[in-house]
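Listed below are the residues making up each chain.
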Amino acid sequence: MTETATLADEADEADIDPADLAIATTGLTKRFGHQTAVNGIDLAVPRGSVFGFLGPNGSGKTTTIRVLLGLAAATGGSARLLGHDVPTELAQALPRVGALIEGPAFYPFLSGADNLRRLDSADRYADPATRDQRVARALERVGLTHAAKKKARAYSLGMKQRLGIAAALLTPRDLLVLDEPTNGLDPQGTREVRSLIRAVAAEGTTVFVSSHLLAEVAQICTHAAVMHVGSLVAQGSLDDLRGTGARVVRITTPDGDLCRVELARLGLEATGPVGEVTEPTTDEVAVEAPLADDGPAAEDIVAALVRAGVRVRSFDVDRPSLEDRFVALTGEGFDVAR
Amino acid sequence: MPADTRTHGGALLGSEVRVLFRRWRTWAMLAALATIPILMAVVVRLSSEPPGPGEGPPFLDQVTNNGMFVAVTALVVTTPLFLPLTIAVVSGDTIAGEAGLGTLRYLLVAPAGRLRLLVVKYVSACVFCVAASGTVLLVGWGIGSALFGTGEATLLSGDTIGVGDAVVRSLLVGAHVTICMLGLAAVGLFISTLTDAGVGAMAAVAVLTIVAQVLGQLEQLAWLHPWLFTHHWLSFADLLRAPIVWTSFTENVLLQAAYVAFFGALAYGRFSTKDVLS
């Protein structure tokens, strides 16, 4: 909880104008009976960002998306989508939003292209005169041109996923909401989706992408938020999220105990107990110690260690990985369902 | 607001009707309906004795005089069960079917608009009602004329009518039967907003059809009868007299309109606030 407060303060300092937010929610809450699926979240998705919406399965990501897109009514709080109130002004926002929600869905008896035509005709702002052209372009962008005339029931899971993304790209969008876009895709397909997201973002579209697999989206995101059991536990730019973790010194050496003693002398507390100096062993050990921002410089630590006779085989000053941070925030592995 | 504010609201109805007639299920149901007049005509043609007056389904005795009456007889035979079953399938599937496929959420974020989608779904169900009774009518005309020719036929009032009048009369019966199905389609639309299981909605509509007809046969419930959507389903006889008695036809129009208004409002009330979680 303190984490959220810290990050919220940072957001205040950055002084983000609400008009610059593609998605903004205040205390957004959704309950199903007694179960609270989304618990008072304050999302702030800047325009032009690629925003990773992360959290384990069942942490409330899809429910949040359903509320944002007007599919479900919020129990409490408010939300704005592209500056329009949800749900009263949704009709103005939705034509500028492309979405993939909880997996793709199609009419199995229609071809891929006909499925896209069908969805496009539901959008009353989509011009029928350019429909065939836009359908062909969307299919091309996801690499499905060859399967355009194939019935959707004959599509593989990965092809359906890509067709779903094509549907989200039928008209120019200001915001793309992609719920688990890499589900069912092989590593190659995942890479293709990532490069597609990069290309869409490069055109200025805000991309809001949810995932339970941090590694799949971390490398394309500029911002991220982490959900845990219906609450938002962290939010901010990727640098902010990384920066809030303390630096760590990581040394591999055969002289583990000697290293620990020497680190302690420098004021660094190695993880694990500092033991007696014993005969050097041949086994290499990894020694880790948190390094405060006002701690000694890295080169001084190495010099001191070497002077003391520690055979340093590798030395590294590192921030904890995002994965470590998120596991710490959610208190569990990323894949774990509630 | 999008820069281009021209709207193309009509496209969805065209798409809806196209999707309806791209399904094998739709064609299978129409084909099944078409077999009724064919079966009847062929059986009467092959039997050694023509059916006597009052034998078998209504007007069966007239088909040997004017084959077009095959259409009327077939409509009357399919109205209590077969025709409403197909309407139950189409109307029960309107919203629930989309929910089951998961396409409902994509139509809504397109955005189709909930009221617009509901109206489009109902209108396409009505298009199917016309197609269903139209199929029976046209196939009946075709097979009847082919097997029995088109001569003069005797009406219930004893008057004889020619071909032109026979066309008008059977069209009127077709229109009456179609209108009878519109209230049922509205009931189906409402039930369809209650569930994500299309098959469940279809079954519920079919069961309601039968329950209403059973209630309609219980004398103890005579007070209820004028309010049942099935009340006028077989009130076609007045259309086959000279001159035509319009009372039950217009009563039925009002009754069906009331059902459409009432269940349409219920469907909107339910669907406009429904959490779409499928």
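Residues numbered from 1 in each chain as written. Chains lettered and ligands numbered in written order. Predicted model: local features only at pLDDT ≥ 70, side-chain atom pairs only at ≥ 80, totals over all residues. Heavy atoms only, no water.

**Notes on the pattern of salt bridges**
Residues and elements named next belong to chain A. Counted only if it meets this: Salt bridge, as used here, is a side-chain nitrogen of Lys or Arg placed within 4 Å of a carboxyl oxygen of Asp or Glu. Counting from the N terminus, the helices are the DSSP runs of H or I reaching at least four residues and the strands are the DSSP runs of E reaching at least two. Exposed residues in this analysis have more than 50% of their type's maximum accessible area, buried residues have under 20%, and partly exposed residues fall in between, with area computed by a 1.4 Å probe over protein chains only.
If you walk through the whole model with that rule in mind, you get 24 salt bridges over all chains. When the shortest N-O distance is used, the salt bridge between Glu203 and Arg141 registers 3.2 Å. In this pair, Glu203 sits in the loop between α7 (187-202) and β9 (206-211) while Arg141 sits in helix α5 (residues 131-141), placing the two residues 62 residues apart along the sequence. Here Arg141 falls in the partly exposed class, since its relative accessible area comes to 23%. Measuring nitrogen to oxygen at the nearest pair gives 2.8 Å for the salt bridge that ties Arg250 to Glu288.

**Some remarks on the packing of aromatic side chains**
All names here are of chain B. Under the convention used in this document: Stacked, edge-to-face and tilted labels apply to pairs of Phe, Tyr and Trp rings (six-membered ring for Trp) whose centres lie within 6.5 Å, assigned for plane angles under 30 degrees, over 60, and everything in between, in that order. The criterion for a charge sitting over a ring is simple: Lys NZ or Arg CZ within 6 Å of the ring centre, and within 35 degrees of the ring normal.
For the structure shown, the criterion picks out 10 aromatic pairs over all chains. Measuring from centroid to centroid gives 5.4 Å for Trp246 and Phe249, while their planes differ by 80 degrees, and the two rings are edge-to-face. One Lys or Arg, Arg114, reaches over the ring of Phe271 and ends 5.7 Å from the middle of that ring.

**Let's talk about helix α6 (residues 157-168) of chain A**
All names here are of chain A. The cut-off we apply is this: Working rule for helices: expected span equals 1.5 Å times residues minus one. Any two residues whose heavy atoms approach within 4.5 Å are treated as being in contact.
Between the first and last C-alpha of α6 there are 17 Å, a value that for 12 residues agrees with the 16 Å anticipated at 1.5 Å per step. All of the buried residues in α6 are Gly158, Met159, Gln161, Leu163, Gly164, Ile165, Ala166, Ala167 and Ala168. The secondary structure elements touched by the buried residues of α6 are β7 (97-100), α4 (112-122), α5, β8 (175-179) and α7.

**Here we look at unusual backbone geometry**
The amide bond that connects Ala110 of chain B to the next residue, Pro111 of chain B, takes the cis arrangement and shows omega of 0 degrees. Topologically, Pro111 of chain B is positioned in the loop between α5 (103-109) and α6 (114-148). Pro243 of chain B follows Ala242 of chain B through a cis peptide bond whose omega is -5 degrees. Positive phi, close to 50 degrees, is recorded for Leu82 of chain A, a residue that is not glycine.

**Some points on the sheet that holds strand β13 (residues 285-291) of chain A**
Residue and element names in this part refer to chain A. Stated precisely, the cut-off is as follows: Strands are labelled as partners when DSSP assigns at least two bridges between them. Simply put, an axis is a line fit to the C-alpha atoms, just over the touching stretch for a helix, and the angle between two N-to-C directions goes from 0 to 180 degrees.
Taking strand neighbours across the sheet as the criterion, the three strands line up as β13-β12-β14 in an open arrangement whose pairing is antiparallel. Among the strands making up the open sheet, the edge pair consists of β13 and β14 (314-318). Averaged over neighbouring strand pairs, the angle between their axes works out to 15 degrees when direction is ignored. Here five bridges tie strand β12 (residues 247-253) to β14, and the two strands are oriented antiparallel to one another. Opposite Arg250, over in β14, you have Asp316 as the bridge partner. Where helix α10 (residues 256-265) meets the sheet, its contacts fall on β12 and β13, and the angle it forms with β13 comes to roughly 15 degrees. Contacts from helix α11 (residues 298-307) reach β12, β13 and β14, with the element oriented near 150 degrees to β14.

**Let's talk about the side chain of Ser91 of chain B**
All names here are of chain B. Within the secondary structure, Ser91 is located in helix α4 (residues 82-101). Take Ser91: its relative accessible area is 0%, and that puts it in the buried class. In this structure, Ser91 is in contact with Leu184, Ala185, Gly188, Leu189, Ser192 and Val205, ignoring residues within four places of it in sequence.

**Some details on the confidence of the model for chain A**
Residues and elements named next belong to chain A. As a reminder, the rule being used: How sure the predictor is of each residue is captured by pLDDT, a score from 0 to 100.
Averaged over every residue, the pLDDT of chain A is 85; residues scoring 70 or more account for 88%. Across residues 1-14, where pLDDT falls below 50, the model places 13 contacts with residues more than four positions away in sequence or in other chains. Here residues 274-278 scores under 50 on pLDDT; set against residues more than four positions off or in separate chains, the count is eight contacts.

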